[in-house]
Amino acid sequence: MHTRTIPLLLALLAASASAAPPTPLPITIHSDKPANHISPLIYGHFFEHIYNGGDNGLWGEMVWNRSFEYTDDSAGKWSIDPQTKIISQTALVDGAKLTFGDPAWKDYELSFDARKTAGNEGFLALIRVNNPDGPGPTQFFWANIAGWGNTVSRLQHLGAPRSADLGPRPIPTRVETNKWYHIRVRCEASHIQSWLDDQLVIDATIPDDLDHGGTVGLGTWETAADFKNVKVTDLAGKTLFEGLPELPKPHNTAGFHWETSGPGTVAITHDAFNDDNAVHINAAAGDTAISQQHFALKSGESYHGSLYIKGNPAGGNVQFISEGRSLALTDLPRASDWTRVPIDFTSPIDAPDATLQIAALKGGDITLDQISLMSEAAIKNDGFRPDIYAAFAAIKPTIIRWPGGCYAEQYHWKNGIGPQDQRKKSITPMWDDYDPNALGTDEYMTLCKKLGAQPLLVINTGMHVTGTHNAAEWQPWIQEACDWVQYVNGPADSTWGKVRAANGHPEPYHVKYFEIDNELWRSLQPNPAVYAQAVPLFAAAMKKVDPSITIIAHGGNALDRRYDTTLVNRAAKDFDILSIHHYTDPPQFQTGVADQDHLYTDLEKLIATSANPNIKLDVSEWNLQTTDWRTGLYAGGLLNTFEKHGDHLEIAGPALLFRYTGARDWDNAFINFDQRSWFPGPNYVVMKLWREHYEPTRLETDLPDSPLNLVATESDDHTHIVLKAVNPSNTPLDITATLAGPFTPAHADFQLIAPENLRVKNSMDHPDAITPRAAAIAMDAHTTTFTLPPYSAGVVTVTSK
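Residues numbered from 1 in each chain as written. Predicted model: local features only at pLDDT ≥ 70, side-chain atom pairs only at ≥ 80, totals over all residues. Heavy atoms only, no water.

Peer 1: Which parts of the structure should I look at to understand the overall build of the protein chain?
Peer 2: Along the protein chain, the regular secondary structure elements total 13 helices and 45 strands. Compactness check: the protein chain gives a C-alpha radius of gyration of 30 Å against a globular reference of 28 Å for 801 residues, within 12% of the reference. Reported as C-alpha extents along the three principal axes, the dimensions of the protein chain are approximately 95 × 80 × 65 Å. The long-range fraction of contacts in the protein chain, counting pairs at least 24 apart against all pairs at least 6 apart in sequence, stands at 72%. Here the protein chain displays about 32000 Å² of accessible surface, and carbon together with sulfur accounts for 51% of that area. (Helix = DSSP H or I, 4+ residues; strand = E, 2+ residues; numbered from the N terminus. Rg over C-alpha atoms; globule rule 2.2 N^0.38 Å. Contact = heavy atoms within 4.5 Å. Areas by Shrake-Rupley, 256 points an atom, 1.4 Å probe, with all protein chains shown as cover.)

Peer 1: Help me understand the sheet that holds strand 8 (residues 139-146), please; the structure alone is not making it clear to me.
Peer 2: Whether parallel or antiparallel, the strands of a sheet pair through hydrogen bonds between backbone atoms. Judged by pairing direction, the sheet is antiparallel, and its six strands sit side by side in the order 5-14-7-8-9-10 without closing on themselves. Because the sheet does not close on itself, it has two edges, and the strands there are strand 5 (96-100) and strand 10 (164-172). Within the sheet, the average angular offset between the axes of one strand and its neighbour, ignoring direction, is 15 degrees. As defined by bridge partners, strand 7 (residues 123-130) adjoins strand 8 across six bridges and the pair is classed as antiparallel. Considered in strand 8, the bridge of L124 is made with N144. (Pairing = 2+ DSSP bridges. Axes fitted to C-alpha atoms, helices over the stretch in contact; angles between N-to-C directions.)

Peer 1: How do you make sense of the nonpolar core when you look at a structure like this?
Peer 2: Looking at soluble globular proteins, one finds that nonpolar side chains tend to be buried together. F392, F538, M542, F575, W622 and F642 are the most contacted members of the largest nonpolar core, which totals 116 residues. Among the elements that line this core, the one with the most residues is helix 7 (residues 471-489), at nine residues. Excluding residues within four positions of it along the chain, F538 makes contact with I459, N460, T461, W474, W477, I478, A481 and I516. Within the second largest apolar cluster, 40 residues are counted, among which are W78, W105, F112 and V185. (Core = buried A, V, L, I, M, F, W, Y, C linked by side-chain atoms within 4.5 Å. Buried < 20%, exposed > 50% of the residue type's maximum accessible area, 1.4 Å probe, protein only.)

Peer 1: Mind showing me how you'd approach the confidence of the model for the protein chain here?
Peer 2: Caution applies to low-pLDDT parts of the model: their predicted coordinates are not meant to be read in detail. In this model, the protein chain carries an average pLDDT of 92, and 96% of its residues clear a pLDDT of 70 or more. For the stretch residues 1-19, pLDDT sits under 50, and the model shows two contacts to residues farther than four places along the chain or on other chains. (pLDDT = per-residue confidence, 0-100.)

Peer 1: Before we go on, may I ask you to explain the sheet that holds strand 34 (residues 658-660) in this structure?
Peer 2: Strands sit in the order 34-35-36 across an open sheet of three strands; the sheet is mixed. Of all strands in the sheet, those with a lone pairing partner are strand 34 and strand 36 (678-680), marking the two edges. Pairwise comparison of adjacent strand axes, ignoring direction, gives a mean angle of 25 degrees for this sheet. Two elements, strand 34 and strand 35 (residues 671-673), share three bridges in a ladder whose sense is parallel. By the bridge assignment, Y660 is partnered in strand 35 with F673. The strands that helix 4 (residues 386-394) touches are strand 34, strand 35 and strand 36; relative to strand 35, the one it contacts most, it runs at about 165 degrees.

Peer 1: What am I meant to see in helix 10 (residues 562-571) here?
Peer 2: What sets the pattern is the α-helix's 3.6 residues per turn: residues three or four places apart point alike. Among all positions of helix 10, only Y563, D564, L567, V568 and A571 are buried. Along the long axis of helix 10, the arc covered by the buried residues comes to 120 degrees, so they all point the same way. For helix 10, the exposed residues lying more than 90 degrees away from the buried face are R562, N569 and R570. Considering only its buried residues, helix 10 is in contact with helix 9 (528-545), strand 30 (550-557), strand 31 (577-584) and helix 11 (591-608). (Arc of directions from axis to C-beta.)

Peer 1: What's the story with the environment of Q199 in this structure? I'm lost.
Peer 2: With respect to the helices, strands and loops of the structure, Q199 is situated in strand 13 (residues 199-205). The class for Q199 is partly exposed, based on a relative accessible area of 38%. In contact with Q199, not counting residues within four places along its chain, are I171, P172 and S194.

Peer 1: Sorry if this is basic, but what is going on with the side chain of K724 here?
Peer 2: Checked against the element boundaries, K724 lands in strand 39 (residues 720-727). Its relative accessible area of 0% is what places K724 among the buried residues. There is a polar contact of 3.1 Å between the side chain of K724 and the backbone oxygen of H693. (Polar contact = N/O pair within 3.5 Å; in protein donor to acceptor, adjacent residues only side chain to side chain.)

Peer 1: Could you clarify how one ought to interpret the environment of W484 in this entry?
Peer 2: Along the polypeptide, W484 turns up in helix 7. In the structure, W484 is positioned 27 residues away from L457 in sequence and 9.3 Å away in space, judged by C-alpha atoms. Residues in contact with W484, not counting those within four places in the same chain, are W402, P403, Y411, W413, T441, L457, V458 and I459.

Peer 1: Would you explain the pairing of strand 15 (residues 223-233) in this entry?
Peer 2: If a strand is regular, its side chains alternate between the two faces of the sheet. The buried fraction of strand 15 amounts to eight of the 11 residues, a majority that puts the element mostly inside the structure. With three bridges joining them, strand 4 (residues 86-89) and strand 15 adopt antiparallel strand pairing. When the sheet's bridge partners are listed, S88 is paired in strand 15 with D226. Alignment of strand 6 (residues 108-119) against strand 15, held across nine bridges, turns out to be antiparallel. For G119, the partnering residue across the bridge sits in strand 15 and is T223.

Peer 1: Sorry, what's going on with the packing of aromatic side chains here?
Peer 2: For any pair of aromatic rings, the description rests on two quantities: the centre-to-centre distance and the angle between the ring planes. Applying the stated criterion across every chain yields a total of 41 aromatic pairs. Taking 5.5 Å as the distance between ring centres and 85 degrees as the angle between the ring planes, the aromatic pair formed by F392 and F658 counts as edge-to-face. Within this pair, whereas F392 is found in helix 4, its partner F658 is found in strand 34, the two being separated by 266 residues in sequence. You'll find F392 and F658 in the same group, each marked buried. Each member of the aromatic cluster is reached from another via a ring pair, and the members are W402, Y407, Y411, W413, Y444, W484, Y487 and W496. The side chain of R184 reaches across the aromatic face of W195, ending 3.9 Å from its centre. Positioned over the ring face of F46 is R401, at 4.5 Å from the centre of the ring. (Phe/Tyr/Trp six-rings, centres within 6.5 Å; stacked < 30°, edge-to-face > 60°. Lys NZ or Arg CZ within 6 Å of the ring centre and 35° of its normal.)

Peer 1: Looking at this model, I keep getting lost on the pattern of salt bridges. Mind explaining?
Peer 2: Should the charged atoms of two oppositely charged side chains come close, the side chains can pair. Taken as a whole and judged by the stated rule, the model has 32 salt bridges. Here E409 makes a salt bridge to R522, at a shortest N to O gap of 2.3 Å. One end of the pair, E409, is in helix 5 (residues 406-409); the other, R522, is in the loop between strand 29 (513-516) and helix 9, with 113 residues separating them in the sequence. On the accessibility criterion, R522 (38% relative accessible area) is partly exposed. Between R562 and D560 there is a salt bridge; the shortest N-O distance is 2.9 Å. (Salt bridge = Lys/Arg side-chain N within 4 Å of Asp/Glu carboxyl O.)

Peer 1: Any chance you could explain the side chain of H645 here in plain terms?
Peer 2: Within the fold, H645 resides in the loop between helix 12 (629-644) and strand 33 (649-652). Here H645 falls in the buried class, since its relative accessible area comes to 6%. Once you skip the residues sitting within four places of it in the chain, H645 turns out to touch D597, Y600, T601 and E604.

See below:
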């Protein structure tokens, strides 16, 4: 030993000797006293088509935005009908804006007529807009008329020096779809007023430090609308502007995930093979191409796909390029009408970041649509990307809730069946994604079958889409739900069973669980009393198609009991399971588990005195909002709470399940992936360990007052007892577990997850920074001793003689 290390070693030994040992924590497990049954369905998952979890994620499609439907419409899709002189905005995006006028304008009135054609809200009238296209931060006001889910109107300022809601309390306002309204906004010094028809809906004074001059504009928020009769006058009535504003000039684009190159023009066109969009390339000025990066090709792996083309490519081609080398080349034919061009090749090298390029040479003029590619390995795996599928399979999901979530709120299942190149996209982009429905009902059912998981379908009531609120308005949505029940469960000679059989699936899928919509407390109809009227109508109609199904009604958000109370009191007899959601902020990784425990207890008491005391709970969305180790501790504590409430809690499933690593938000996913590989979140690591040690019977356990969260479970054959334990505190817990009763232990094993600190994360480069490892455990007769370090979680398995 180097002599300079001796003082350091002595200091460490002295510090160790002086540190107080952990206080022994005695617990007793009664092997002869079962506490409750545990449903295996609490180890379910929630699979939603956001952040490319479906297409380009679990589903093995390698081309992103394959049919050019996902375009950069952040400013809106604006057009003008020259005959009617109506200005239309058709994109359901956040804050579509069309600005015009003189930046020197200060005091004026902006007026126009507006008609909502689709979406969730009303209209935006922009005033005092500064730097809309120039350098520096854009700042503006808008009169948000019938905003916040078509409920109120208010003046807002956005941009520097701060964004703020201005004026007194917002005024209740609602606009109907397909009805014309007259809107007027008056700007006089710091005083801003706005009228909807003759109703004053905004009356606000703006602070002196905010701009008092600038241009004007029209806009919408997650809404499509028409505008006409646009006029700006000064306060004396002199016309400053009247007529049609100039639309933004088009620029070369093929939509999100595509790049353009060359001197020609590239534009989205509605002359499409399928759905709304295709891309048109005019190479009259020279060779012009579209390209997409980030294809991970493997040496010796074969790839198969196709594209649709019409026009003259003038010798153009499709190729994959890696570090300047062309790996595969397919010539494009001249085609007078839409023609499918196969793409088939085997990669000669490993190319983890190859580029797909499609070019028309000088003089060419082509239109492209439906560009698709999948590895042979994915094709052989029923279309699922092998590594991500294997990651999902490893956590052994018992039930999979699908297709959402917010995705289900806008979902039309009929767009996702039949031939891939004939399917329609989802209604609206959300969470960095605009899914083309490549993974539809039949693919989902195949996934469930492969994984041995129960399917759970979430239906759409239209309440998020158009605000349906009575039997007549619900009828088409009820019919769509009933058709779906028949598609998945009906015989092959039924109306929709025939369609299923024609799609290659003659046998019914026998889906048991159906959930009636999602989170309507934030919809256009947030009143639970309205939902309580819808549930019996949907449930009765769906059960008429298949009486064997189980109906799930969604409940409230987080810890709010009011939605659940109204729903249970008014519609308990019409559903079988209550679905609830709760996402916890990272600082509450310790306290959030107890909050949920209390919530479940309260709901169980509410149900016990209802018209249907047999209602079970489904925690259908849960998670902590981070991917550091706090999420793992929270997952372990919450899974233990699910097991504790096993008599009442039948199903559970966290979110997010899948997330592309380049996504902008929601960094809490179980499976995090790019085009090359994936890594597990800490919630994945914990849930996998817990799932591998699932046993169906919880045992009564005597626990002292401490931070320890622990459940004990036993196998049906009484051969082993499992302790799942979490220490969410910053002090070690030295645990002495005594097995009381007839169980005679012979061997104990301890798998421990104990990262260095709370902020440790897994990553693509370090996927095992958080992982279970074998840990020390001692056993003496009926007593087992082990230590949980600070902020740790682990599983002890005790096997009998």
